[in-house]
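# A structural walkthrough
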Amino acid sequence: MKNMTKVMMASVLAVGTLAAGCQTTPTVTAPVEQTITSNALQAYNWQLIDAKRSNGDKVTQLFFDPAKPLTLNFMTDNGNSFVSLMNTCNNLGAGYSIENGNVQLGGIRSTRMACPEPLASFDTAAAATLQGKYSINKSSNNLPVLTITNANQVASFKAIAK
């Protein structure tokens, strides 16, 4: 009987060890960065979802009206690529090109309406947000997210169907 107990104990230990060795731990995969192309940018409108200064503070000027978030519309017209900023007081836009996977903006053009606050600050912050290093990654729900990073802030935009 003692031998039978020893065999059963050894079997339990062996099975427990094997079961522990077969456990898997969830792996976290890093977001896959998509190459920046005009087609990737033009496939969607890009709606601002977050913008933080380098110190971590929210860029509040960009969020004064949640019903009208800053939205970027990349397009090509007559062979010229440009981006239009939507929901701004003034009409803002810039020509752009892609060089070595980086977005190169031309000068930002704007109408010159005298916009009241907080619209004037929104326009200024929106133009500043457009400047920087662009990257596109997939979100947790597998949708593209455009991120623009510069020395002063990081802004994230979700993809919206055109």
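Being a predicted model, the structure only gives us computed values, none of them experimental. Within every chain, residues take consecutive numbers counted from 1 along the sequence as written. At least 70 in pLDDT is required for a residue's local features to be given in this predicted model, at least 80 for side-chain atom pairs to be given and counted, and no such filter applies to totals for whole chains, interfaces and linings, which use all residues. No hydrogens and no water enter the side-chain calculation; it runs on all heavy atoms of the structure.

## Quick look at unusual backbone geometry
Most peptide bonds take the trans form, and the phi angle of most residues other than glycine is negative. Each neighbour pair has its own omega, and for Glu117 with Pro118 the value is 5°, a cis peptide bond. Runs of H or I in DSSP of at least four residues are treated as helices and runs of E of at least two as strands, each being numbered from the N terminus. Among the structural elements, Pro118 can be located in the loop between β5 (102-110) and α3 (119-129). A positive phi is found at Asn78, a non-glycine position, where the angle reads about 50°. For Asn78, the position within the fold is in the loop between β2 (71-77) and β3 (80-86). You can call Asn78 exposed: its relative accessible area is 72%. Although it is not a glycine, Asn100 adopts a positive phi angle of roughly 55°. Checked against the element boundaries, Asn100 lands in the loop between β4 (92-99) and β5. Note on classification: 1.4 Å probe, protein chains only; a residue is buried when its accessible area is under 20% of the maximum for its type, exposed when over 50%, partly exposed between these limits.

## Describing the environment of Thr111
With respect to the helices and strands, Thr111 occurs in the loop between β5 and α3. Residues contacting Thr111, with those up to four places away along its chain left out, are Asn90 and Asn91. Polar side-chain contacts of Thr111 include one of 2.8 Å to the side chain of Asn90. Two residues qualify as a contact provided that any one of their heavy atoms is within 4.5 Å of a heavy atom in the partner residue. Side-chain atoms alone can form a polar contact between residues adjacent in sequence; in general such a contact is a pair of N or O atoms within 3.5 Å, and within protein one must be able to donate a hydrogen while the other accepts it.

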